[in-house]
Amino acid sequence: MSELGEVLKKARLEKGMSLDDIQDVTKIRKRYLEALELGDFKVLPGKFYIRAFIKNYAEVVGLDSEEVLKYYHDEVPTTETVTNEPIPARKPRKMRSASSERFGKIGFTLLMWCFLILIVAVIWYFAANKEADPADKVDPKPMTSNSDITQITPTPTPTVTPTPTPTVKPVTVTFVEKSGKDDVFVVSPMKDTYSLKLTAAGGASWIEIYEGGKNGTRIHYATMVDGDTINYDVTKDVYIVMRYSGYIEATIDGAAIDDGNKERARLLLKLDTADVENTTTAE
């Protein structure tokens, strides 16, 4: 067992955590965690993941990940991929797919209501005319000639104009300013609830999400690997911290959030419904 592995294992045991607990939090497979404690880095899928796995393990057991990597840098293989190769191109974002589906459902619901209102109006109209029809009140005396027959002209059915379907504006995400290390965006138009979606594509990234702004409630704290997707319905400002944001596709109600493909991105999304003022940065 290496010195680094002994430090990680000791910190885990002091926390009273098992390897299964670490796996649940970091989403790193148990056999990779065992390899970290044994110092057997050949078992890991690649040099790029070694530093990321060590950082995630150290943070979960309460260690300073940067200090751990700095002190035991001789044991950690160098990562050539991060320094010499460009970040892979991101996949095209699927724009407004969720909002388009929602608009279709709203339009269909309104159309059905208009159809039901039209049927009720026609039934009510004929029922009212039947009660007031003069033919039902004719004197029942026998008719003696054709001249006594009353000609009744039918009343035309009025045309009911369907209620127009209201236009729902799509959600937009607009960059407004750079505040310290934070990129500040405004999300509009005003809604009760927004759907936040993050998808990992092409690599792994550490993700932190706070609802209510920088000093709000943390709702996500884990590493996302290629293919992972998370969804949250939010009603307040959202603060997102991403390590290697180039591997993350982020949208809110289908509108893309430009994270800048940075090594470490901090995004503050101010919603039209939010009234929380945020002043501190979550690390």
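From a predicted model like this one, the values you see are computed outputs, not experimental measurements.

**So, the pattern of salt bridges**
A complete count under the given rule lists seven salt bridges for this structure. Asp 237 is the partner of Lys 270 in a salt bridge, and the nearest nitrogen-oxygen pair spans 3.4 Å. Taken together, the residues Lys 270 in strand S10 (residues 264-271) and Asp 237 in the loop between strand S6 (229-234) and strand S7 (238-243) connect sequence positions 33 residues apart. Using a relative accessible area of 32% as the deciding quantity, one classes Lys 270 as partly exposed. Classification of Asp 237 by relative accessible area gives buried; the value is 1%.

**Thoughts on helix H2 (residues 19-26)**
Leu 19, Ile 22 and Thr 26 are the residues of H2 that are buried. Along the long axis of H2, the arc covered by the buried residues comes to 60°, so they all point the same way. For H2, the secondary structure elements touched by its buried residues are helix H1 (3-15), helix H3 (30-38), helix H4 (47-60) and strand S5 (217-224). The positive-phi residue at the C-terminal boundary of H2 is Lys 27, with phi of around 65°.

**With respect to H1**
The end-to-end C-alpha distance of H1 is 19 Å, a good match for the 18 Å that 13 residues give at a rise of 1.5 Å each. Restricting attention to buried positions, one finds in H1 the residues Leu 4, Gly 5, Leu 8, Ala 11 and Arg 12. Down the axis of H1, the sector holding all buried residues measures 135°, keeping them to one side. Turned more than 90 degrees away from the buried face of H1 sit Glu 3, Lys 10, Leu 13 and Glu 14, all of them exposed. A positive backbone phi angle near 75° is found at Gly 16, which sits one or two residues after H1.

**What about the packing of aromatic side chains?**
Two descriptors summarise a pair of aromatic rings, namely the distance from one centre to the other and the angle between the planes of the rings. Within the structure shown, the criterion is met by six aromatic pairs. Ring centres of Trp 206 and Tyr 221 lie 4.6 Å apart, and the angle between their planes is 85°; on these two criteria the pair is classed as edge-to-face. With Trp 206 in strand S4 (residues 205-211) and Tyr 221 in strand S5, the pair connects residues that are 15 residues apart, well separated along the chain. Among the residues examined, Trp 206 registers a relative accessible area of 9% and is labelled buried. Tyr 221 sits in the partly exposed class, given a relative accessible area of 27%. Judged by centre distance (6.5 Å) and plane angle (50°), the rings of Tyr 210 and Tyr 239 are tilted. Of the two residues, Tyr 210 sits in strand S4 while Tyr 239 sits in strand S7, which places them 29 residues apart along the sequence. On the basis of relative accessible area, Tyr 239 is assigned to the buried category, the value being 0%. In this structure an aromatic cluster arises from ring pairing among Tyr 32, Tyr 49 and Phe 53. Against the face of Tyr 194 rests Lys 191, its NZ or CZ located 5.7 Å from the ring centre.

**Points about the side chain of Thr 251**
Position of Thr 251 relative to the elements: it lies in strand S8 (residues 248-252). Not counting residues within four places of it along the chain, the set of residues in contact with Thr 251 comprises Ser 195, Leu 196, Lys 197, Ala 256 and Ile 257.

**Concerning the sheet that holds S6**
In space, the four strands of this open sheet follow the order S6-S3-S8-S9, with antiparallel pairing throughout. Each of the sheet's edge strands pairs with one partner strand only, and the pair in question is S6 and strand S9 (255-256).

**Considerations on the confidence of the model for the protein chain**
Across the protein chain, the average pLDDT comes to 79, with 77% of residues at 70 or higher. Confidence drops under a pLDDT of 50 for residues 81-87, and excluding neighbours within four residues, the segment shows three contacts in the predicted structure. Scored below 50 in pLDDT, residues 274-283 makes 27 contacts in the model with residues more than four places away or belonging to other chains.

**Quick word on the sheet that holds S4**
Read across the open sheet, the six strands follow the order S1-S2-S10-S7-S4-S5; overall the sheet is mixed. Since the sheet does not close on itself, it has two edges, and those belong to strand S1 (172-179) and S5, each with one partner. With direction set aside, neighbouring strand axes in the sheet form an average angle of 20°. Across six bridges, the pairing between S4 and S7 is antiparallel. Bridging from a neighbouring strand, Tyr 210 pairs with Tyr 239 of S7.

Quick notes on the rules
- Position numbers for residues start from 1 in each chain and track the written sequence from start to end.
- Only residues with pLDDT of at least 70 are given local features in this predicted model, and only at 80 or more are side-chain atom pairs given and counted; all residues enter the totals for whole chains, interfaces and linings.
- Only heavy atoms go into the side-chain values, all of them from the structure, while hydrogens and water stay out.
- Criterion for a salt bridge: a side-chain nitrogen of Lys or Arg within 4 Å of a carboxyl oxygen of Asp or Glu.
- Helix and strand assignments come from DSSP, with helices taken as H or I runs of at least 4 residues and strands as E runs of at least 2, each series counted from the N terminus.
- A 1.4 Å probe rolled over the protein chains alone gives each residue an accessible area, and that area as a share of the maximum for its type sets the label: buried under 20%, exposed over 50%, partly exposed in between.
- Along the arc lie the directions from the helix axis toward the C-beta atoms.
- Any two residues having at least one pair of non-hydrogen atoms within 4.5 Å are treated as being in contact.
- By definition here, a helix of n residues has an expected span of 1.5 Å times n minus one.
- Stacked, edge-to-face and tilted are the three classes for Phe, Tyr and Trp ring pairs, Trp counted by its six-membered ring, which pair at centre distances within 6.5 Å; planes under 30 degrees apart are stacked, over 60 edge-to-face, the rest tilted.
- Remark: a charge is flagged as sitting over a ring if the NZ atom of Lys or the CZ atom of Arg is within 6 Å of the ring centre and within 35 degrees of the ring normal.
- In this analysis, strands are considered paired if DSSP registers two or more bridges between them.
- For every residue, the predictor reports its confidence as pLDDT, a number between 0 and 100.
- To get an axis, fit a line to the C-alpha atoms, keeping to the stretch in contact for a helix; angles then go from 0 to 180 degrees between the N-to-C directions.

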